[in-house]
Amino acid sequence: MRASPYPHLSLIQPGLSAGQSDYLLVGPFKHGLDAKPISSLDGKLVSLKGTLIFRDNQTMIEALAETIQATPQPNSQLSITDHQSTIIDHVTLRGEIVDSKCYFGVMNPGRLTPHRGCAVRCISGGIPPVLLVHEKDGPAKTYLLVSNDGSPVNKEVLDMVAEPVQITGDLVQQGSLTILRADPSTYRRFKN
């Protein structure tokens, strides 16, 4: 279990080059998973019940908070590595802020103006916001949005959801999560 920047679960994935995958955790309906109650489980092995949400190679789990509990350390050599953040690059990206739960699979398409009202409610409820960036010759990419200090930015991004924005900040790798760390006051709207 990892409590920050948003609650997520690190899973051992034998056979993957990285060896593990990280799955954002959200609550039922339009709610994120509250990090405070699970902060005591940060860095511990846990079990939980939930529903898998996925789109392409992006996955999260809608977890039932009451089922999250610490589990004993297994008698094996498999272990989760420390989740140190590594700055990859300083970048300027253009895209659209979307709520990760709907975009990753709960709604289709989960983006653009028709989805704005839903996305604002989801992000207000604690669903992690992501920047959706469409590549010219490839699949769309998502970047988890956090502030310069790595804290959630849900309230700060509400007035820019479903609009074209430009964000300049540090691209950070934390496990398999790709994070864009930037001051929300520097996000800029632009015209397509």
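Whatever comes next refers back to the structure up there.
Residues numbered from 1 in each chain as written. Predicted model: local features only at pLDDT ≥ 70, side-chain atom pairs only at ≥ 80, totals over all residues. Heavy atoms only, no water.

A. Seen up close, unusual backbone geometry. Here the amide bond leading from S4 into P5 is cis, since omega sits at 5 degrees, within 30 degrees of zero. Relative to the elements of secondary structure, P5 occurs in the segment before β1 (8-12). If you check the backbone angles, F29 has positive phi at about 60 degrees while not being a glycine. In this fold, F29 is placed in the loop between β2 (20-26) and α1 (35-38). Its identity as a non-glycine residue notwithstanding, A162 has a phi of 65 degrees, on the positive side. Inspection of the secondary structure puts A162 in the loop between α4 (154-157) and β10 (164-174). (Helix = DSSP H or I, 4+ residues; strand = E, 2+ residues; numbered from the N terminus.)

B. Quick look at the side chain of S147. Looking at the element boundaries, S147 is found in the loop between β9 (141-146) and α4. Judged by relative accessible area, S147 falls into the buried class, the value being 11%. Residue contacts for S147: discarding those within four places in its chain leaves V153, R181, A182 and P184. (Buried < 20%, exposed > 50% of the residue type's maximum accessible area, 1.4 Å probe, protein only. Contact = heavy atoms within 4.5 Å.)

C. Seen up close, the pairing of strand β7 (residues 85-99). As paired elements, β7 and β10 share eleven bridges and run antiparallel to each other. The partner of G95 across the bridge, within β10, is V165. Pairing of β7 with strand β8 (residues 129-133), which is carried by four bridges, proceeds in the antiparallel orientation. Looking at β8, one finds that V98 is bridged to V130. (Pairing = 2+ DSSP bridges.)

D. Representation of the layout of surface pockets within the structure. Of the pockets and cavities examined, the largest pocket occupies roughly 530 Å³. Around the largest pocket, the lining is made up of 20 residues, and of these N57, Q58, T142, S176 and T178 lie nearest the centre. Taken together, the elements giving at least two residues each to the lining of the largest pocket come down to β2, β5 (58-63), α2 (100-106), β9 and β11 (177-181). Classifying every residue of the lining of the largest pocket gives ten nonpolar, seven polar and three charged. In this model, the second largest pocket occupies a volume close to 340 Å³. As for the second largest pocket, its lining consists of 20 residues, of which L33, D34, G126, P152 and N154 are closest to the centre. Where the lining of the second largest pocket is concerned, the elements lending two or more residues are α3 (116-124) and α4. Each residue belonging to the lining of the second largest pocket can be placed in one class, and the counts come to eleven nonpolar, seven polar and two charged. (1 Å grid on protein atoms, 1.4 Å probe; cavity = no way out; pocket = protein on both sides within 12 Å on 5 of 7 lines; lining within 4 Å. Points joined across faces, edges and corners; volume = space filled by probe spheres on them. Nonpolar A, V, L, I, M, F, W, Y, C, P; charged D, E, K, R; others polar.)

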